[in-house]
Amino acid sequence: MGVDNRQIQTAVLADPESDNPVVCPTDSDELDEFREEFADTTFWCGILLGGCGGQLTTRRGNVRVSHFAHFPDPDELLPECGRRSRGVASADHLYVRTATQTWLRRQGHTPRYRYIDRDDAPVGSLVEIELDGHTLLLHMDPATPPDWDAAQAGDIILGPGVQVDHRTLARRGHVNRIKFVSEGNQRVMMLGTELPYVGTDWDFELADCTVDEHGRLITPVITRAEAARAAAERAPVPRPRSQKTEGPVQIGTLTRLINTAVQKKEIAAVRALRNTAQLQIPRCEGQALEHLQRAIDRASGLIDEQDHARRRLFAQLDEAVRHGHVYKATTLTPHVGRFIEGDTPATPQETDILKAADAFLRDVRQQAARRQRAAEERRVAVAREREAHHAAKAEEHKGRREAEAQEHKARNRARGQVQHIAGRLRREALSTEQQKLLVDELVCAAREAGDRLSEAEQQKVDEWVARIAAPAEEPETAGNTSPTAQPQPDAITEPAKLPDRLVPAVAAVRGALKKAARERTVTSWDRLEQQLGSALPSLTSNERVQVLVQVDRPTAEDEPLLSSLLAVGDPHFAYQYYRHVLGALGLDAPDDDEDLRDVVEADAEQVFTDWRFR
């Protein structure tokens, strides 16, 4: 994942599965107050937000607005977050509980909230509130249309952007809606009611609304509309106008009504007016009869045309269903519905055709949904296989990198051993046998160091090999063999008293190590000899151990050893002799070289910290 550059505005508190949302302030000053307010909790890319469940942190915006971001993942070991919605509205479905829980409990309800998550409705699309056997279903995503005819749908409430067609709205009489507005780092829910031909009224409070015994959400707008409807039903029915008016006036009005309805193609009105006109023919004569008859003929012509088109549409729909023509049935079904909407109700035969078409199209949709789910499952399987392959490749690459790092480390250690052995061969008075042993060690170390050796270092190794391989100029005889010419290997001992010639060396080495600690650098015996010059005479390994023991005797028990700086910078000395320094000071030393390396490196870091301001 690396560094997260997305601007995530919402998170959940305390736990990845929490349904307690929060919005990050976009202003930098407000962000400081926000951090102080939530100093004792954590932020998460919540599962109920469609997130990955990873922990988030707040990030101050210098160019962009302040926002949440995932914790950095420089090693790219965490899975990629697939969260789609990151704006302030992405947690609105969780704010439903915050806004309605107290209001419902005050009415005696015990609400239970469920955030539906399925293939055709991703998490956050649907919020279901169960109330004592009834259900309030909130549609929050315009991409998930409501199923108004589902028996288990309950009272449906629409979120921002979710549409309802005019016929459904007219049939239901009203639809309740919700929307959210931001107040600080919270989102506040507003409730409204949409009426046919009127629009949505938001001018009331949630506290003024109730949920009745049938599980319906009742708002003040619904209460007023139902009261007006009841008053209209109680109003007296107007009596028909008196039939005593003169025939010509009545027939003329009827004729004009028929002609107007035919012109506007209002089929239901044309049928009713034609039937009325046919009853009036016996009462007419002369010019009035001619006008009325022509109007009846025009009405009959339009009705015949309508009936013919209606029969043809139903026949085409029936044929499309029987032959399984999906596209044709899909196109004809809504067209037939609109065609009969302004005409007489469907006959039993027509009703059977419509039911068969609905069942056919429902089956088609189900099959398409199954195919889509199968395709999605295949896509997920392929993605998982690809992810597993990438993970295996990454693990393999990581193993190679670790092996290369170990090899690199071993070669560097061997190079340090080459430098140390070459230094001993150059400084110490050694017997021929001792030189041969050291040169053998030098050759092995050089072979292990490989290309880490510089050209000059390899040349020194070759010179020592050639020098040992060259025959002696004078053969040894019993007469010129001297015991003093065969120095013995150093024995690591600690005399009762430090030799006088080493006392100045102790002070010089301790001063050099203090200087290195303040400069936060490590050192080696070669570097100390160059730095101190005549103040540091040539020392054997045993004498070096004695000097370092005296250097660190004044060190307090709870402080790291200054000599750890030399052990880090001179690995060969550390692996061969530094354990004797630790033992002489009463400290434990790990048997494994790598463990010893970790100990001295940790001590060196602590030395840097302790001597930073001394």
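Data block above holds the structure.
Model, not experiment: these values are computed from the prediction.

Caption draft 1: Layout of the overall build of the protein chain. Check the secondary structure of the protein chain and you find 17 helices and 14 strands. Sorting the 614 residues of the protein chain into buried and exposed places 39% on the buried side. Restricting to contacts in the protein chain with at least 6 residues of sequence separation, those with at least 24 account for 58%. A total of about 36700 Å² of accessible surface is found on the protein chain, and carbon and sulfur atoms cover 50% of it.

Caption draft 2: Spotlight on the environment of Val22. Mapped onto the secondary structure, Val22 falls in strand E2 (residues 21-23). Classification of Val22 by relative accessible area gives buried; the value is 0%. As for Val22 and Ala11, which are separated by 11 residues in sequence, their C-alpha atoms are 5.5 Å apart.

Caption draft 3: Representation of the sheet that holds strand E10 (residues 175-183) in the model. Taken in spatial order, the 7 strands make up an open sheet running E6-E7-E8-E9-E10-E11-E12, and their pairing is mixed. With one partner strand each, in any of the chains shown, strand E6 (112-118) and strand E12 (199-201) form the two edges of the open sheet. Neighbour to neighbour, the strand axes of the sheet diverge by 35° on average, direction disregarded. On top of the sheet, helix H2 (residues 92-106) reaches E6, strand E7 (121-131), strand E8 (134-139), E10 and strand E11 (186-195); it is set at about 160° to E6, its chief contact.

Caption draft 4: Main features of helix H14 (residues 541-552). Counted at 1.5 Å a residue, the expected span for H14 with its 12 residues is 16 Å, and the 17 Å between its end C-alpha atoms agrees. Burial analysis of H14 places 11 of its 12 residues in the buried class, which makes it a mostly covered element. When we look at burial in H14, the residues that qualify are Ser541, Asn542, Glu543, Arg544, Val545, Gln546, Val547, Leu548, Val549, Val551 and Asp552. Of the surrounding secondary structure, the elements contacted by the buried residues of H14 are helix H9 (348-427), helix H12 (503-519), helix H13 (525-532), helix H15 (564-569) and helix H16 (571-584).

Caption draft 5: Inspection of unusual backbone geometry at higher detail. Backbone geometry at Asp132 places phi at a positive 50°, although glycine is not the residue there. Assignment of secondary structure puts Asp132 in the loop between E7 and E8. Positive phi, close to 55°, is recorded for Lys265, a residue that is not glycine. Within the secondary structure, Lys265 sits in the loop between helix H5 (247-264) and helix H6 (267-280). On the basis of relative accessible area, Lys265 is assigned to the exposed category, the value being 57%.

Caption draft 6: Main features of the sheet that holds strand E1 (residues 10-13). Strand order in the open sheet formed by 5 strands is E2-E1-E3-E4-E5, with antiparallel pairing between adjacent strands. Since the sheet does not close on itself, it has two edges, and those belong to E2 and strand E5 (67-70), each with one partner. Bridge analysis of strand E3 (residues 43-44) against strand E4 (residues 55-59) gives 2 bridges, and the strand direction is antiparallel. In the strand pairing of E4, Trp44 is matched with Gln55. Packing against the sheet, helix H1 (residues 28-37) makes contact with E2, E3, E4 and E5, and its axis sits at approximately 140° to E4. Relative to E2, H2 is tilted by about 110°, and along the sheet it contacts E1 and E2.

Caption draft 7: View of the pattern of salt bridges. Tallied over the full model, the rule gives 24 salt bridges. Across the pair Arg177 and Glu194 runs a salt bridge, and its minimum N-O distance is 2.8 Å. Taken together, the residues span a long stretch of sequence, with Arg177 in strand E10 and Glu194 in strand E11 at a distance of 17 residues. Each member of the pair Arg177 and Glu194 is classed as buried. As a salt-bridge pair, Glu226 and Arg216 come within 3.4 Å of each other at their nearest N and O atoms. Of this pair, Glu226 sits in helix H4 (residues 220-234) while Arg216 sits in the loop between strand E13 (210-211) and strand E14 (217-218), and the two are 10 residues apart along the sequence. With relative accessibility at 31%, the residue Glu226 sits in the partly exposed group.

Caption draft 8: Structural context of the pairing of E5. With burial as the criterion, each face of E5 is covered, one bearing His67 and Ala69 and the other bearing Phe68 and His70. Relative to E5, E4 runs antiparallel, the two being bridged by 4 bridges. Each bridged residue has a counterpart across the sheet, and for Thr58 the counterpart in E5 is Phe68.

Caption draft 9: Quick look at the packing of aromatic side chains. Applying the stated criterion to the full structure yields 7 aromatic pairs. Consider the rings of Phe38 and Phe43, whose centres lie 6.1 Å apart with planes at 65°: the pair is edge-to-face. The same class applies to Phe38 as to Phe43, namely buried. An angle of 40° between the planes, with centres 5.8 Å apart, marks the rings of Phe573 and Tyr577 as tilted. Here Tyr577 and Phe573 lie together in helix H16, a separation of 4 residues that amounts to about one turn. The class of Phe573 is buried, set by a relative accessible area of 0%. Given the relative accessible area of 13%, Tyr577 is considered buried. What links up through ring pairs into an aromatic cluster is the set Phe34, Phe38, Phe43 and Phe68. Across the ring face of Trp202, the terminal group of Lys179 is positioned such that the distance to the ring centre comes to 4.3 Å. Stacked on the ring of Trp464, the Lys or Arg Arg467 has its end atom at 4.1 Å from the ring centre.

Here is what the cut-offs are and how they apply
- Residues numbered from 1 in each chain as written.
- Predicted model: local features only at pLDDT ≥ 70, side-chain atom pairs only at ≥ 80, totals over all residues.
- Heavy atoms only, no water.
- Helix = DSSP H or I, 4+ residues; strand = E, 2+ residues; numbered from the N terminus.
- Buried < 20%, exposed > 50% of the residue type's maximum accessible area, 1.4 Å probe, protein only.
- Contact = heavy atoms within 4.5 Å.
- Areas by Shrake-Rupley, 256 points an atom, 1.4 Å probe, with all protein chains shown as cover.
- Pairing = 2+ DSSP bridges.
- Axes fitted to C-alpha atoms, helices over the stretch in contact; angles between N-to-C directions.
- Expected span 1.5 Å × (residues − 1).
- Salt bridge = Lys/Arg side-chain N within 4 Å of Asp/Glu carboxyl O.
- Phe/Tyr/Trp six-rings, centres within 6.5 Å; stacked < 30°, edge-to-face > 60°.
- Lys NZ or Arg CZ within 6 Å of the ring centre and 35° of its normal.

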